[in-house]
Amino acid sequence: MHRPDILPLIRAKRDGHALSREDIEGLIAHLGTYPDYQVAAWLMACTCRGLSLDETVALTRAMAHSGEVLDLSDVPGPRVDKHSTGGVGDKVTLVLAPLVAAAGATVAKLSGRGLGHTGGTIDKLESLGSFQTAIEPERFKAQLRRLRVAVAGQSRGMTPADGRLYALRDVTATIECPGLICASILSKKIAAGADIILLDVKTGRGAFMETEAEAEALARMLREVGERLGRRVICVVSAMGQPLGQNVGNALEVAEAMETLSGGGPADLREICLELGAQLCVAGGLDPDAATARTRLAGLLDDGTAKARFRELVAAQGGDATLVDGPEYLPSAPLSTHVVARQAGTVLDLDARCIGDAVVALGAGRRTKEDVLDLGAGVRLLAKVGDVVETGQPLAEVRASEPERLEAGRHAVEQAYKTGEGPASPPPLIHAIYGGIAG
Ligand code: URA
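Residue indices follow the written sequence of each chain, beginning from 1 at its first position. Thresholds applied to this predicted model are a pLDDT of at least 70 for local features of residues and 80 or more for the giving and counting of side-chain atom pairs; totals over whole chains, interfaces and linings are not thresholded and use all residues. Side-chain measures here rest on the full set of heavy atoms in the structure, leaving out hydrogens and waters.

1. Thoughts on the overall build of the protein
And then number 1: We count a stretch as a helix when DSSP gives it H or I for four or more residues in a row; a strand needs E for two or more, and each element gets its number in order from the N terminus. Helix and strand content of the protein: 16 helices and 13 strands.
And then number 2: Rg of the C-alpha trace for the protein: 21 Å, near the compact-globule value of 22 Å for 439 residues, within the 12% margin.
And then number 3: Every one of the 439 residues in the protein was classed for burial, and the buried ones make up 59%.
And then number 4: When contacts within the protein are restricted to residue pairs at least 6 apart in sequence, those whose partners lie at least 24 apart make up 79%.
And then number 5: Total accessible area on the protein stands at roughly 15900 Å², and carbon and sulfur atoms take up 51% of it.
And then number 6: Positive charges come from Lys and Arg alone, negative charges from Asp and Glu alone, with His and the N- and C-terminal ends not counted. Note on charges: their place is set at NZ of Lys, CZ of Arg, CG of Asp or CD of Glu. For the protein, the distance from the average site of its 47 positive side-chain charges to the average site of its 56 negative ones is 4 Å. Only C-alpha atoms enter the radius of gyration; for comparison, a globular chain is expected to reach 2.2 Å times N to the power 0.38, where N is the number of residues. Any residue under 20% of the maximum accessible area for its type is buried, any over 50% is exposed, and the rest in between are partly exposed; the area is computed with a 1.4 Å probe on protein chains only. In what follows, a contact means two residues having at least one pair of non-hydrogen atoms within 4.5 Å. Per-residue and other accessible areas were derived by the Shrake-Rupley procedure at a 1.4 Å probe size, with only the shown protein chains allowed to occlude residues.

2. Overview of helix 15 (residues 352-364)
And then number 1: Helix span, as expected, comes to 1.5 Å for every residue beyond the first. Its 13 residues give helix 15 an end-to-end C-alpha distance of only 15 Å, which falls more than 12% under 18 Å, the value for a rise of 1.5 Å per residue.
And then number 2: The element helix 15 is extensively covered by neighbouring structure, given that 11 of its 13 residues are classed as buried.
And then number 3: For helix 15, every residue scored as buried is listed here: Ala352, Cys354, Ile355, Gly356, Ala358, Val359, Val360, Ala361, Leu362, Gly363 and Ala364.
And then number 4: Next to the buried residues of helix 15 lie strand 6 (247-248), helix 11 (250-261), strand 8 (345-350), strand 9 (378-381), strand 11 (394-400) and helix 16 (403-416).
And then number 5: The residue sitting at the N-terminus of helix 15 and contributing the capping side-chain oxygen is Asp351; that oxygen lies 2.8 Å from the backbone nitrogen of Arg353. As used in this structure description, the phrase polar contact means that two N or O atoms lie within 3.5 Å; if the pair is within protein, one of them must be able to donate a hydrogen and the other to accept it, and residues adjacent in sequence are counted only when both atoms belong to side chains.

3. Points about the layout of surface pockets
And then number 1: Counted as a void, the largest pocket has a volume near 310 Å³.
And then number 2: In terms of lining residues, the largest pocket is bounded by 17 residues, among which Arg113, Gln154, Gly163, Tyr166 and Ala167 are the most central.
And then number 3: The greatest single-element share of the lining of the largest pocket, amounting to 6 residues, is contributed by helix 8 (residues 160-170).
And then number 4: Each residue receives one of three labels: charged for Asp, Glu, Lys and Arg, nonpolar for Ala, Val, Leu, Ile, Met, Phe, Trp, Tyr, Cys and Pro, and polar for the others, Gly being one of them. Grouping the constituent residues of the lining of the largest pocket by class yields 5 nonpolar, 7 polar and 5 charged. Only protein atoms enter the 1 Å grid used here, on which a cavity is any set of points holding a 1.4 Å probe that cannot leave and a pocket is any open set flanked by protein within 12 Å on both sides along at least five of seven lines; residues with an atom within 4 Å of a point are listed as lining. Grid points are joined across faces, edges and corners, and a volume is the space filled by probe spheres set on the points.

4. Structural notes on the nonpolar core
And then number 1: Grouped together as the largest cluster of nonpolar side chains are 83 residues, with contacts concentrated most on Leu128, Phe310, Ile355 and Val413.
And then number 2: With 9 residues, helix 5 (residues 92-102) is the single largest residue contributor to this core.
And then number 3: Formed jointly, this core draws a minimum of three residues from each of two domains, domain 2 (79-327 + 430-434) and domain 3 (331-420).
And then number 4: With 26 residues, the next largest nonpolar core counts Ile185, Leu186, Val225 and Val233 among its residues. Buried Ala, Val, Leu, Ile, Met, Phe, Trp, Tyr and Cys residues that are joined via side-chain atoms within 4.5 Å together make up what is termed a nonpolar core. Domain start and stop points were drawn from an automatic or database domain assignment.

5. A look at empty space enclosed by the protein
And then number 1: By the definition in use, this model includes 4 cavities of 30 Å³ or more.
And then number 2: The space that makes up the largest cavity amounts to roughly 270 Å³.
And then number 3: In this structure, the largest cavity is lined by 26 residues; those nearest its centre are His83, Ser84, Gly86, Gly119 and Tyr166.
And then number 4: Looking at the lining of the largest cavity, the elements with two or more residues in it are strand 1 (79-84), strand 2 (106-111), helix 6 (121-125), helix 8 and helix 9 (178-192).
And then number 5: Looking at which element gives the most residues to the lining of the largest cavity, the answer is helix 9, with 4 residues.
And then number 6: Partitioned by chemical class, the residues of the lining of the largest cavity number 6 nonpolar, 13 polar and 7 charged.
And then number 7: Within this model, the second largest cavity holds a volume of roughly 150 Å³.
And then number 8: In terms of lining residues, the second largest cavity is bounded by 21 residues, among which Thr118, Gly119, Val359, Ala364 and Gly365 are the most central.
And then number 9: Put simply, the parts of the chain that give the lining of the second largest cavity at least two residues each are helix 11 and helix 15.

6. Focus: the site of the ligand
And then number 1: Residues are labelled near a given molecule or strand when at least one of their non-hydrogen atoms is within 4 Å of it. As a matter of local geometry, the ligand sits amid His83, Ser84, Thr85, Leu115, Tyr166, Arg169, Ile181, Ser184, Ile185 and Lys188.
And then number 2: Here a nitrogen atom of the ligand and a side-chain polar atom of Ser184 are 2.7 Å apart.
And then number 3: The contact in question runs from an oxygen atom of the ligand to an N or O atom on the side chain of Lys188, over 2.6 Å.
And then number 4: Across the complex, the protein chains shield 97% of the 230 Å² of accessible surface that the ligand would expose by itself.
And then number 5: For this analysis, a molecule is said to be in a pocket or cavity if more than half of its atoms are within 2 Å of the grid points defining it. When atom positions are compared with the pocket grids, the ligand is found to occupy the largest cavity.
And then number 6: Counting only elements with at least two residues in the shell around the ligand, the list comes to strand 1, helix 8 and helix 9.
And then number 7: Broken down by element, the shell around the ligand gets its largest block of residues, 4 residues, from helix 9.
And then number 8: Across the shell around the ligand, the residue classes break down as 4 nonpolar, 4 polar and 2 charged.

7. Quick look at the pattern of salt bridges
And then number 1: Salt bridges, as used here, are contacts in which a Lys or Arg side-chain nitrogen is within 4 Å of a carboxyl oxygen on Asp or Glu. For the structure on display, the rule yields 34 salt bridges.
And then number 2: Between Lys141 and Asp74 there is a salt bridge, and its shortest N-O distance comes to 3.4 Å. Of this pair, Lys141 sits in helix 7 (residues 137-147) while Asp74 is found in the loop between helix 4 (53-64) and strand 1, placing the two residues 67 residues apart along the sequence.
And then number 3: Residue Asp74 is classed as partly exposed on the basis of its relative accessible area, which comes to 43%.
And then number 4: The closest approach of N and O atoms between Glu126 and Arg113, which form a salt bridge, is 3.0 Å. Taken together, the residues Glu126 in the loop between helix 6 and helix 7 and Arg113 in the loop between strand 2 and helix 6 connect sequence positions 13 residues apart.
And then number 5: Under the relative-accessibility criterion, Glu126 is labelled partly exposed at 26%.
And then number 6: Each of the salt bridges in this network shares a partner with another, and the network as a whole consists of Arg113, Asp123, Glu126 and Arg366.

In short, geometric facts, not functional conclusions.
As structure tokens, then:
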């Protein structure tokens, strides 16, 4: 394929012109030959000017085909996949993937690393000893046949173009572009080969699409692009005003996911896993309706079946499966402090964006491509919106490995909380469903 000169493409996009399918395909096919600064400039031009639907379809297709696009027709169905547009404390995949596999679906999942102030499944899984996420296509498929679940990251074999663009977007303020988000997510979904794709589109301060209108527009784009590329896409728009669950930070989130896989865990995390799981089970023809699916899925959490599948997943991908039953041995940062309530009252607000920024400041997210994560750093939220607290009561525990990081993170967590007079209740978790049971 022709290798386009990237400079005219950056200029064209900067000036608001649409790029042709050929230009986009050429750019992605030769991505590895352009220097970071030119690719970053092109990403910034896309972020400022936006991508049309046709450009987004072309980019998604080109990125999916930058590596192998798996044909899963010889893998038992229903073949499903799930992805979040990015949130704070969003460890849903860690619970949902083994849960839905235990319920009889095949979960072929390509995940990402942390992006901006949001966490990433691949980083979280790396808390589990030497868990391997760069698995090659043939091994991915063999694992699906054996276990019905595999979770990999972008690699040389699968969506390498997203691996490159994702790492640059993370550190160049070029995440919040609907077309780039859509292409990044759907290219991984197309490459992993599932027929049914469930997208959890987050909205609120901790999401990349802060307003409901922006989240709905992204959901519409994801469905349209997915369908133009031959996949069934269900979008659930869900709340990300305050973080999901209690723990934010890589190993802390793994520990919370394991609690949820044991039938416990925070109510909001369990609820969203059951809702998304029910959508997948009904769409995949495993259950006749959402209520039946939810009951069955709740049973698989409560009786340990889903956790057993997670243990097998960890072992299959080279991780330390004993950690699944020994969360106290997960990485843990040595320094800790508490943020306490300055006055008695109700937690009126808990800003997910501030918590996400706090977790990056603690060392659990990246500021440059080369940053090595502190997997044991993070925050445990001991009070959330609607909780009544006394003066001096701990609101959150903050963990880091270096005193300066601990202080920066503590300060950001303090900014996240607002307590005061009056009742407050958390907003509804699920805002809308498109293309699913209630859509
Ligand atoms: N998740 C992804 O994989 N890519 C994005 O751009 C945002 C969330």
